[in-house]
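Structural overview
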Amino acid sequence: MREIKQLTDDYIKDDETYFADNMYVTNSMLKKLNNGSTKELEHYLNTEHKETESLLVGSAFHCYLLEPKEFDKRYVYAPKIDKRTKAGKELYAEFLETIGNRKPVPAHYEFAFECMYNNIMSNEKSRTLLNDADKREAIHFWEDVETGLKCKGKVDAESKDYLVDIKTTSKGADFKSFHKFLNDYNLTQQASFYCNGTKKKNFYFIMVELKAPFGVGIYKMSDKAIEHGNNTVGTMLEFYKKYINEELVTEYNAGEIIEI
């Protein structure tokens, strides 16, 4: 594991201030460098992040599962309205005026969330992992000693010796689907980044399907997976440091023509 110094920050306290801040390095920033170019990171840092429906639904279910008392304060299920018509658009606009700062979630997810929650909590292993994790949505700040970079991470669920991350998927939660998801989204890097920042040794992903049968898969990152992710974290932190200190800008293939 990498050497770190724990930090505190009194300004970043909620999602709004957390996601608005770019001073601290996040795993999401480092992932933008995985292709060897700084272009995606530049775009990420310099443009407003619009919340897609998949991100909205993922965040809403996290709240539903991990902070159920907060769900009705932050989200509301939107009625089924055909917004392609003029009347439908007007009806939906009237609905938006009634919900304040709450975010509208498409109505069909109300049934899906209930099924997803029930399947996670009826599984003895996933239920135990979550019930024994007394901290929810905890924000951590730390300095990576080797690079001097200040980092932050928001942990879904945390116990004394392990971390849990919830992943929702429109595909499958079976091992084959998860393995593809792991490679596509560099999950070993995420696990290592968060283990470094919290000094926890074990990391679990709980994956749940957004559609029937709302299957649940539980995956523990092995020591080998954490080590692999840790090597990537180190490489990406060094890359990020060069980017900000030397104003390094790189293209995907340095302008070369690649024969395939």
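So, here is what we can say about the structure in this document.

Parameters and conventions
- Residues numbered from 1 in each chain as written.
- Predicted model: local features only at pLDDT ≥ 70, side-chain atom pairs only at ≥ 80, totals over all residues.
- Heavy atoms only, no water.
- Phe/Tyr/Trp six-rings, centres within 6.5 Å; stacked < 30°, edge-to-face > 60°.
- Buried < 20%, exposed > 50% of the residue type's maximum accessible area, 1.4 Å probe, protein only.
- Helix = DSSP H or I, 4+ residues; strand = E, 2+ residues; numbered from the N terminus.
- Lys NZ or Arg CZ within 6 Å of the ring centre and 35° of its normal.
- Core = buried A, V, L, I, M, F, W, Y, C linked by side-chain atoms within 4.5 Å.
- Contact = heavy atoms within 4.5 Å.
- 1 Å grid on protein atoms, 1.4 Å probe; cavity = no way out; pocket = protein on both sides within 12 Å on 5 of 7 lines; lining within 4 Å.
- Points joined across faces, edges and corners; volume = space filled by probe spheres on them.
- Nonpolar A, V, L, I, M, F, W, Y, C, P; charged D, E, K, R; others polar.
- Pairing = 2+ DSSP bridges.
- Axes fitted to C-alpha atoms, helices over the stretch in contact; angles between N-to-C directions.

Our next topic: the packing of aromatic side chains. One pass over the full model with this rule turns up 23 aromatic pairs. Note on Tyr18 and Phe19: the rings are 5.1 Å apart at their centroids and 85° apart in plane angle, and the pair reads as edge-to-face. Residue classification places Tyr18 among the buried residues on the basis of a relative accessible area of 5%. Measuring from centroid to centroid gives 6.2 Å for Phe61 and Tyr64, while their planes differ by 20°, and the two rings are stacked. Placement of both Phe61 and Tyr64 in helix 4 (residues 53-66) is noted, with a separation of three residues, approximately one turn of the helix. Classification of Tyr64 by relative accessible area gives partly exposed; the value is 23%. Here the aromatic cluster, defined as three or more aromatic residues joined through ring pairs, consists of Phe61, Tyr64, Phe71, Tyr75, Tyr77, Tyr109, Phe113 and Tyr117. Geometry around Tyr92 places Lys83 over its ring, the cationic atom sitting 4.2 Å from the centre.

Turning to the nonpolar core, a few remarks are in order. One broad trend across soluble globular proteins is that nonpolar side chains are buried collectively. If you look at the biggest cluster of nonpolar residues, it comprises 34 residues, and the most contacted ones within it are Phe178, Phe203, Met221 and Tyr240. Breaking this core down by element, the ones donating at least two residues are helix 2 (27-31), helix 3 (39-46), strand 5 (149-158), helix 9 (175-184), helix 10 (187-198), strand 7 (202-209) and helix 11 (223-245). Per-element tally for this core: the top contributor is helix 11, with eight residues. For Phe203, the residues in contact, after removing those within four places along its chain, are Leu163, Asp165, Gln190, Ala191, Tyr194, Cys195, Tyr219, Lys220, Met221 and Ile226.

Bringing empty space enclosed by the protein into the picture now. Enumeration over the complete set of coordinates arrives at one cavity of 30 Å³ or more. One number sums up the size of the largest cavity: a volume of about 40 Å³. Along its surface, the largest cavity is lined by Arg2, Ile4, Trp142, Asp144, Cys151, Phe193, Asn196, Val233 and Leu237. Secondary-structure elements contributing two or more residues to the lining of the largest cavity are strand 4 (135-144), helix 10 and helix 11. Tallied by class, residues from the lining of the largest cavity come to six nonpolar, one polar and two charged.

What the six strands build is an open sheet, ordered 1-4-5-6-7-8; its pairing is mixed. Single-partner strands in this sheet number two, and they are strand 1 (4-7) and strand 8 (216-220). Here the average twist between neighbouring strands, direction ignored, is 40°. Of the pairings in the sheet, the one linking strand 1 to strand 4 comprises four bridges and is antiparallel in character. When the sheet's bridge partners are listed, Lys5 is paired in strand 4 with Glu143. Where helix 10 meets the sheet, it contacts strand 1, strand 4, strand 5, strand 6 (162-169) and strand 7, and its direction lies at approximately 135° from that of strand 7.

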